[in-house]
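What follows is the residue order along each chain.
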Amino acid sequence: IIYHHVEALWAASCLFGLSLAPIFAWTMVNAETAMDVTGRVATIFIVGAAGGEMVFPAITGALFSHSPLSFPWFILALCVIQAALYVLLSHQTSEAAKERTEREGRGGFELPAAETPVATPTGTADDEDSAVV
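Every chain's residues receive numbers from 1 upward, in the order its sequence appears when written. Residues qualify for local features only when their pLDDT is at least 70, as the model is predicted, and side-chain atom pairs are given and counted only at 80 or more; totals for whole chains, interfaces and linings, by contrast, use all residues. Remark: hydrogens and water are excluded; side-chain values derive from all non-hydrogen atoms of the structure.

Trainee: Break down the layout of surface pockets for me, with residues and values.
Mentor: The calculated volume of the largest pocket comes to roughly 1,200 Å³. A helix here means a DSSP run of H or I that spans at least four residues, while a strand means a run of E at least two residues long, and both kinds are numbered starting from the N terminus. Ranked by the residues each element gives to the lining of the largest pocket, the list is headed by helix α4 (residues 70–104), at 14 residues. Each residue belonging to the lining of the largest pocket can be placed in one class, and the counts come to 23 nonpolar, eight polar and one charged. Using only the protein atoms, space was sampled on a 1 Å grid; points where a 1.4 Å probe fits but cannot get out form cavities, open sets with protein on both sides within 12 Å along at least five of seven lines form pockets, and lining residues are those with an atom within 4 Å of a point. Grid points are joined across faces, edges and corners, and a volume is the space filled by probe spheres set on the points. For this classification, the nonpolar set comprises Ala, Val, Leu, Ile, Met, Phe, Trp, Tyr, Cys and Pro, the charged set comprises Asp, Glu, Lys and Arg, and every other residue, Gly included, is treated as polar.

Take a look at the structure:
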């Protein structure tokens with residue numbers, strides 16, 4: 001079906017790309033729960049993502065030259081690997097987040113105290129000078 005309908009191929013490609021887009025952001029947020037993401041760590045993430053962007057198209061091209069039907073199997077293998085990594089990293093991240101919370105001695109997010117005092121009217125409503133019109 002998809003071989004004869006170019007529009008369907010483009011739509012499927014766009015949906016596939018959109019479904020993969022949140023993975024990088026999730027990785028950064030998930031890493032922040034387990035450790036402090038410094039500039040160096042963020043750089044390693046970005047270089048790793050760029051490496052994947054260079055390697056996977058080359059692998060895909062080699063698979064297409066072998067057989068076009070190998071592409072769905074390659075995608076399936078990547079999905080299985082990503083699911084396994086998700087389960088593994090989620091477990092490790094939740095354990096690290098628990099340890100970090102216990103170490104820092106807080107049970108969740110804390111809001112900072114308000115530093116600016118709230119402005120209050122200086123007069124009373126009976127004063128004609130302080131009445132707001």
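Trainee: With reference to specific residues and values, describe a nonpolar patch on the surface.
Mentor: To count toward a patch, a residue needs a relative accessible area over 30% and no salt bridge; like charges are then connected within 9 Å, while nonpolar side chains (Val, Leu, Ile, Met, Phe, Trp, Tyr) are connected within 5 Å. The Shrake-Rupley method, run with a 1.4 Å probe sphere, supplies the accessible areas, and residue values consider only the shown protein chains as cover. By salt bridge we mean one thing: a side-chain nitrogen of Lys or Arg within 4 Å of a carboxyl oxygen of Asp or Glu. A cluster of nonpolar side chains, Trp26, Ile81, Leu85, Tyr86, Val87, Leu88 and Leu89, forms an exposed patch at the surface whose accessible area comes to about 660 Å². The dominant element in the nonpolar patch, judged by the number of residues it contributes, is α4, at six residues. By secondary structure assignment, the location of Leu85 is in helix α4.

Trainee: Give a description of the packing of aromatic side chains that names residues and reports values.
Mentor: Each pair of aromatic rings taken from Phe, Tyr and Trp, with Trp reduced to its six-membered ring, is defined by centres within 6.5 Å and is described as stacked if the planes are under 30 degrees apart, edge-to-face if over 60, and tilted in the remaining cases. A complete count under the given rule lists three aromatic pairs for this structure. Where Trp26 meets Tyr86, the ring centres are 5.2 Å apart and the plane angle is 45°; that geometry is what we call tilted. With Trp26 in helix α2 (residues 22–34) and Tyr86 in helix α4, this residue pair connects regions lying 60 residues apart in the sequence. Ring geometry for Phe64 and Phe71: centres 5.4 Å apart, planes at 25°, overall stacked. According to the relative accessible area criterion, Phe64 is partly exposed, its value standing at 41%. Accessibility here uses a 1.4 Å probe with only protein chains present; expressed as a share of the type maximum, an area under 20% marks a residue as buried, one over 50% as exposed, and anything in between as partly exposed.

Shape descriptors only; they carry no functional weight alone.
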